[in-house]
Amino acid sequence: MIMHPLYKEFQNDQEVVDAVTEIKEKGVSEDNVYILTHDEERTKRVADNADANTVGTADMNFGTAAKNVFRKKGDELRAKFEELGFSKDMANELEEKLDEGKVIVVVPDAPDGMAL
């Protein structure tokens, strides 16, 4: 079975909570559901409410985590998307969506045929 990252963007926090609940009902572990926003407080709040993960330093390889200490927020978020399996171009696109105030839910190891 081939695994690949899936994502979906949302405008409001309640939509995220509902979507994560649905994803988990499809059998996806909460350990495989990540929330990203441009604001760390919002990321933590939404992830807590949805029982999902944030991308912390434990989820990144050491080199990425070390570089993120010195990166600007946009660069740091792009690096997190790349760690979750997205190409550099896609990471740029997703980071731009975060700039617009969106919340992105990512399932990095989504089974083939799964939709969000």
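Conventions we followed
- Residues numbered from 1 in each chain as written.
- Predicted model: local features only at pLDDT ≥ 70, side-chain atom pairs only at ≥ 80, totals over all residues.
- Heavy atoms only, no water.
- Phe/Tyr/Trp six-rings, centres within 6.5 Å; stacked < 30°, edge-to-face > 60°.
- Buried < 20%, exposed > 50% of the residue type's maximum accessible area, 1.4 Å probe, protein only.
- Helix = DSSP H or I, 4+ residues; strand = E, 2+ residues; numbered from the N terminus.
- Arc of directions from axis to C-beta.
- Contact = heavy atoms within 4.5 Å.
- Polar contact = N/O pair within 3.5 Å; in protein donor to acceptor, adjacent residues only side chain to side chain.

S.K.: Residue-level account of the packing of aromatic side chains, with values.
M.R.: One pass over the full model with this rule turns up two aromatic pairs. Measuring from ring centre to ring centre gives 6.1 Å for phenylalanine 81 and phenylalanine 86, while their planes differ by 80°; the resulting arrangement is edge-to-face. Assessed through its relative accessible area of 0%, phenylalanine 81 is described here as buried. What makes phenylalanine 86 buried here is its relative accessible area of 9%. One aromatic cluster in this structure is built from Tyr7, Phe81 and Phe86.

S.K.: Go over helix 2 (residues 40-50) with me, naming the residues and quoting the values.
M.R.: Since the α-helix advances by 3.6 residues per turn, residues separated by three or four positions end up pointing in the same direction. By the burial criterion, the buried members of helix 2 are Arg42, Thr43, Val46, Ala47 and Ala50. With its buried residues spanning 125° around the axis, helix 2 presents them on a single face. Of the exposed residues in helix 2, those oriented more than 90 degrees away from the buried face are Glu40, Glu41 and Asn49. Looking at the buried side of helix 2, the elements it contacts are helix 1 (13-25), strand 2 (34-36) and strand 3 (103-111). For helix 2, the N-terminal cap is aspartate 39; the gap from its side-chain oxygen to the backbone nitrogen of glutamate 41 is 2.8 Å. Downstream of helix 2 by a residue or two, aspartate 51 has a phi angle that is positive, lying close to 55°.

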